[in-house]
Amino acid sequence: PLRALVQDVYRREDKRLLAVRVASGQMRVGEALTLLPSGARATLASIESWPKEKTASNAAAGEAVVITLAEPVLAERGMVLTCDNAPPMVGNRF
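This write-up is about the structure you can find in this document. (Residues numbered from 1 in each chain as written. Predicted model: local features only at pLDDT ≥ 70, side-chain atom pairs only at ≥ 80, totals over all residues. Heavy atoms only, no water.)

**Considerations on the overall build of the chain**
- Along its length, the chain carries zero helices and eight strands.
- Counting from the amino terminus, the chain carries its helices and strands in the arrangement β-β-β-β-β-β-β-β.
- On C-alpha atoms alone, the chain measures out to a radius of gyration of 13 Å, which is about the 12 Å that the 2.2 N^0.38 rule sets for 94 residues.
- If one aligns the C-alpha atoms of the chain with their principal axes, the spans along those axes are about 45 × 25 × 20 Å.
- By the burial criterion, 32% of the 94 residues in the chain qualify as buried.
- On the chain, roughly 6,100 Å² of surface is accessible, and the fraction owed to carbon and sulfur atoms is 54%.
- Of note, the chain has its 12 positive side-chain charges centred 5 Å away from the centre of its 10 negative side-chain charges. (Helix = DSSP H or I, 4+ residues; strand = E, 2+ residues; numbered from the N terminus. Rg over C-alpha atoms; globule rule 2.2 N^0.38 Å. Buried < 20%, exposed > 50% of the residue type's maximum accessible area, 1.4 Å probe, protein only. Areas by Shrake-Rupley, 256 points an atom, 1.4 Å probe, with all protein chains shown as cover. Lys, Arg positive; Asp, Glu negative; His and termini not counted. Charge placed at Lys NZ, Arg CZ, Asp CG, Glu CD.)

What follows is the structure in structure tokens.
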């Protein structure tokens, strides 16, 4: 299942860019995602690349990419992105 760690958040013009590292699974444009620990939900709008002519529609484990979300959610460094259909178990004890 998808687990992607938010490394940093940038703002460019009207976009909020999330620098993420995909730890496991893969993400696809159009996929529904959940941000943990907030529980906010959003849709993956794009996987940004440079130069602009190159576009990616997915990112797999081990890749570091910059993404945008369709909905304006608050994302911060250290949050984890997961896919809606395979959420991780969240506990409050070691």
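Back to the text.
**Let's talk about the pairing of strand E8 (residues 80-83)**
- With three bridges joining them, strand E1 (residues 3-12) and E8 adopt antiparallel strand pairing. Residue pairing across strands places alanine 4 opposite leucine 81, the latter belonging to E8.
- In this sheet, E8 lies alongside strand E4 (residues 32-36) in antiparallel orientation, the contact comprising four bridges. Across the sheet, the residue bridging to leucine 33 is cysteine 83, located in E8. (Pairing = 2+ DSSP bridges.)

**Things to note about the nonpolar core**
- The biggest cluster of nonpolar side chains holds 21 residues, and the ones touching the most others in it are Val20, Met27, Leu35, Ile67, Leu69 and Leu81.
- Every element with two or more residues in this core is listed here: E1, strand E2 (15-24), E4, strand E5 (40-48), strand E7 (64-69) and E8.
- Leave out the neighbours within four places in its chain, and leucine 35 touches Val6, Ala40, Leu69, Val73, Leu74, Ala75, Met79, Val80 and Leu81. (Core = buried A, V, L, I, M, F, W, Y, C linked by side-chain atoms within 4.5 Å. Contact = heavy atoms within 4.5 Å.)

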